[in-house]
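Structure assessment
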Amino acid sequence: MGKFKTSKIARTACAILTAICTAAAPVMWSGASADTTDYDKEIAQLEQKAEQIKKDNEAREQKIDALSGNVDENNAQMGLLQEQIEGINDEITTYGQLITTQQQKIGEKENEIHLIEQEIEKKQGEIEEKQKEIASLEAQNKENLKKFAKLIRALYMNNTADTLPILEGSDDWYNFFTYVDVVQNISEQNLEFMNNLLDDIHHQEELIEGLEKDIAQLNADKADLLDKKADLETELADLETKKTEVQQIADERTNDLYALSSDNQDLQNQISQINSEISASNEDVEAINQAIKELIRKKQAENSGAPVYSSDGFRWPLDSNLQYITTYFGYDAWRGGNHYGIDVGNAGIGGKNIYAAQSGTVITAYSDGGWHGGFGNYVIIDHGGELSTVYAHCSSVTVSVGQTVNKGDVIGYVGSTGWSTGNHLHFETRVDGTAVDPFSYSYEYV
């Protein structure tokens, strides 16, 4: 324990001791002085406080266990959620890849449609050019027809009696001039020219018809591509909807994960708070123990006129065959704190004699089965010279306060009273109320 912590405990112990000494009223015990009885009462009050603190800490430990269980449960759920989120994210990635592929397919269809539209535009341009050529040829043909009309008028002026009646009843100038005798008067060159014009017109019209068929086919292909593109866009919309739905599930799972994480943080904060309370309570218990030691020291001081017994050659407080040490002096991880003595716990030790390790005066003796700071039934013997020994967890004691005992006298019997999980003897050696390692002394084994 650090200097700061020790100083704090010492100050707390002084405060506790001062408060109890101020509040305590003298109560007489048979066989003991008034002052000794006051000390016993004050020690009992402190032990009762320590006992209550330990009970409170046990309740806090149970609460920590419950909170830790909730944390473990949350962690298990978080693990499952994390696995689900990873699986859902994989599904989202797959949908993303499918959407990309679908968009590429739509892009390809759009490109094909664009190429067809360019081809249609090209063919429409060609049609326009052909129509212009036809218009030009028709204009030439019309001009030639005018020339034929002039020729006819010339014939009329020459009064060709054989031809006029026929001309007057004809509606098709071209056919007429082709098949009647009048055409024979037209130069072969003009007739060939007109036929070539008509052939060119028919050829251009055939080309336009072919182009229009091509355009019709292109429009059909374009319509088919538009249908396919629409199907792809419908599939794309379905994929995007599914991806959105899966993403919503992932978001919900993520929110659940964050909620559990936040809940765990709150639980951990509660656990930390409770641990702080336990730590503070343990310091209070330590301070109470220091206060008890101070009271014991004062009780020993009242016995200062008694003889000082030698600490050399202590008698082992049990029979020589009972030497199995279950807990040594010093820090004990199981208790989470210091162990101020040694525990002897051989098999079958229950009910065995407990002997005074050295001669002295009994300054504390409890045999009522109470908690007494976890010691249960216990005895403290003052050996003078600020040295005392403690014998705890007795099933019963055979001595009383103020009684003088000799080394080797039976002072009680091994039991499991107080804070004990089985029959054993808790044995301490104290100098001026402070516990020291019992094995710093030598023993006679009888």
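Residue numbers restart at each chain and count upward from 1, following the sequence in its written direction. At least 70 in pLDDT is required for a residue's local features to be given in this predicted model, at least 80 for side-chain atom pairs to be given and counted, and no such filter applies to totals for whole chains, interfaces and linings, which use all residues. Only hydrogens and water are set aside; all other atoms, that is, all heavy atoms of the structure, feed into the side-chain values.

**As for the pattern of salt bridges**
Stated formally: Each reported salt bridge corresponds to a side-chain nitrogen of Lys or Arg within 4 Å of a carboxyl oxygen of Asp or Glu. In DSSP terms, a helix is any run of H or I states spanning at least four residues, a strand is any run of E spanning at least two, and both are numbered starting from the N terminus. Buried means the residue's accessible area, taken with a 1.4 Å probe over protein chains only, is under 20% of the maximum for its type, while exposed means over 50%, and partly exposed covers the values in between.
Evaluation of the coordinates by the stated rule reveals eleven salt bridges. A salt bridge links Glu444 to Lys407; its shortest N-O distance comes to 3.6 Å. Of this pair, Glu444 sits in strand β14 (residues 443-444) while Lys407 is found in the loop between β10 (404-405) and β11 (410-414), placing the two residues 37 residues apart along the sequence. Its salt-bridge partner being Glu428, residue Arg430 comes within 2.8 Å of it at the nearest N-O pair. By the burial criterion, Arg430 is buried, and Glu428 matches it. One network of salt bridges, with partners in common, ties together Glu110, Lys229 and Glu233.

**Describing the nonpolar core**
Soluble, globular proteins show a tendency: their nonpolar side chains are buried together. Applied cut-off: We define a nonpolar core as any set of buried Ala, Val, Leu, Ile, Met, Phe, Trp, Tyr and Cys residues linked to one another through side-chain atoms lying within 4.5 Å.
Among the nonpolar cores identified, the biggest contains 28 residues, and Leu318, Ile354, Val379, Ile381, Tyr391 and Ile411 are the most heavily contacted of them. Of all the elements in the fold, those that place two or more residues in this core are β5 (342-344), β7 (360-365), β8 (377-382), β9 (387-397), β11 and β12 (425-431). In terms of nonpolar packing, the next biggest core, distinct from the first, is built from 18 residues, Tyr39, Ile363, Tyr366 and Ile380 among them.

**Some details on the packing of aromatic side chains**
We apply this condition: For this analysis, a ring pair means two rings from Phe, Tyr or Trp (six-membered ring only for Trp) whose centres lie within 6.5 Å, classed as stacked if their planes differ by under 30 degrees, edge-to-face if by over 60, and tilted for the remaining angles.
Throughout the structure, instances matching the rule amount to eleven aromatic pairs. Summarising the aromatic geometry, the rings of Phe314 and Tyr443 are spaced 6.0 Å apart at their centres and angled 55° between planes, so their arrangement reads as tilted. You can see Phe314 sitting in strand β1 (residues 314-315) and its partner Tyr443 sitting in strand β14, a full 129 residues away along the chain. Accessibility classification places Phe314 together with Tyr443 in one group, the buried group. For the ring pair Phe427 and Tyr443, a centre distance of 6.4 Å and an interplane angle of 70° mean the geometry is edge-to-face. With Phe427 in strand β12 and Tyr443 in strand β14, the pair connects residues that are 16 residues apart, well separated along the chain. Here Tyr443 falls in the buried class, since its relative accessible area comes to 13%.

**Digging into the side chain of Thr364**
Just so we agree on the cut-off: By the convention used here, residues are in contact when the closest approach between their heavy atoms is within 4.5 Å.
Looking at the element boundaries, Thr364 is found in strand β7. Beyond its immediate stretch of four places on either side in the chain, Thr364 contacts Asp40, Lys299, Tyr378, Val379, Ile380 and Val401.

**A word on unusual backbone geometry**
The backbone of Glu386 shows a phi angle near 70°, a positive value even though the residue is not glycine. Tracing the sequence through the fold places Glu386 in the loop between β8 and β9. Its relative accessible area of 46% is what places Glu386 among the partly exposed residues. In this model, Asp432 sits at a positive phi of 55°, which is unusual for a non-glycine residue. The class of Asp432 is partly exposed, set by a relative accessible area of 30%.

**A closer look at the side chain of His424**
Threshold: We define a polar contact as two N or O atoms separated by no more than 3.5 Å, with the added condition that, inside protein, one atom must be a possible hydrogen donor and the other a possible acceptor, whereas residues neighbouring each other in sequence contribute only through side-chain atom pairs.
Mapped onto the elements of the fold, His424 is located in the loop between β11 and β12. Among the polar contacts listed, one links the side chain of His424 to the backbone oxygen of Gly422, at a separation of 2.8 Å. Filtering out sequence-adjacent residues up to four positions away, His424 remains in contact with Asp343, Val344, Gly345, Ile349, Ala392, His393, Val414 and Gly415.

**Comments concerning the pairing of β7**
As a general feature of sheets, a regular strand has side chains that alternate between the two faces. Spelled out, the test is: Think of it this way: DSSP has to see at least two bridges between two strands before they count as a pair.
Most of β7 sits out of view: six of its six residues are buried. As defined by bridge partners, β7 adjoins β10 across two bridges and the pair is classed as antiparallel. Residue pairing across strands places Thr361 opposite Thr404, the latter belonging to β10. Sheet topology places β7 next to β8; four bridges connect them, and they run antiparallel. Residue pairing across strands places Val362 opposite Ile381, the latter belonging to β8.

**Here we look at the environment of Asn141**
Here Asn141 shows up in helix α2 (residues 34-157). For Asn141, a relative accessible area of 15% puts it in the buried group. It is 9.4 Å that separates the C-alpha atoms of Asn141 and Asn195, two residues lying 54 residues apart in sequence. If we skip the residues at most four places from it in the chain, Asn141 touches Met194, Leu197 and Leu198.

**Quick look at the confidence of the model for the protein**
For clarity, the cut-off: Per residue, pLDDT measures the predictor's confidence, with a range of 0 to 100.
Model confidence for the protein is summarised by a mean pLDDT of 82, while 79% of its residues fall at 70 or above. Under a pLDDT of 50 for its full length, residues 1-6 has, in the predicted model, four contacts with residues more than four places off or in other chains. Overall, residues 163-167 carries pLDDT values under 50, and its contacts beyond four positions in sequence, including any with other chains, amount to nine contacts.

**Quick word on the environment of Val399**
Following the sequence through the fold, Val399 ends up in the loop between β9 and β10. According to the relative accessible area criterion, Val399 is buried, its value standing at 10%. Measuring from C-alpha to C-alpha, the distance between Val399 and Gly412 comes to 7.5 Å, with 13 residues separating the pair along the chain. Residues within four places of Val399 in sequence aside, it is in contact with Val362, Ala365, Val379, Val405, Val410 and Ile411.

**Structural notes on a nonpolar patch on the surface**
How we decide: Residues with no salt bridge and a relative accessible area higher than 30% make up the patches, which join like charges within 9 Å and nonpolar side chains (Val, Leu, Ile, Met, Phe, Trp, Tyr) within 5 Å. Surface accessibility follows the Shrake-Rupley procedure with a 1.4 Å probe radius. Residue values consider only the protein chains on display as shielding.
Taken together, the side chains of Tyr328, Phe439 and Tyr445 define a hydrophobic patch exposed on the protein surface, amounting to about 330 Å² of accessible area. Looking at the element boundaries, Phe439 is found in the loop between β13 (434-436) and β14. Judged by its relative accessible area of 34%, Phe439 falls in the partly exposed class.

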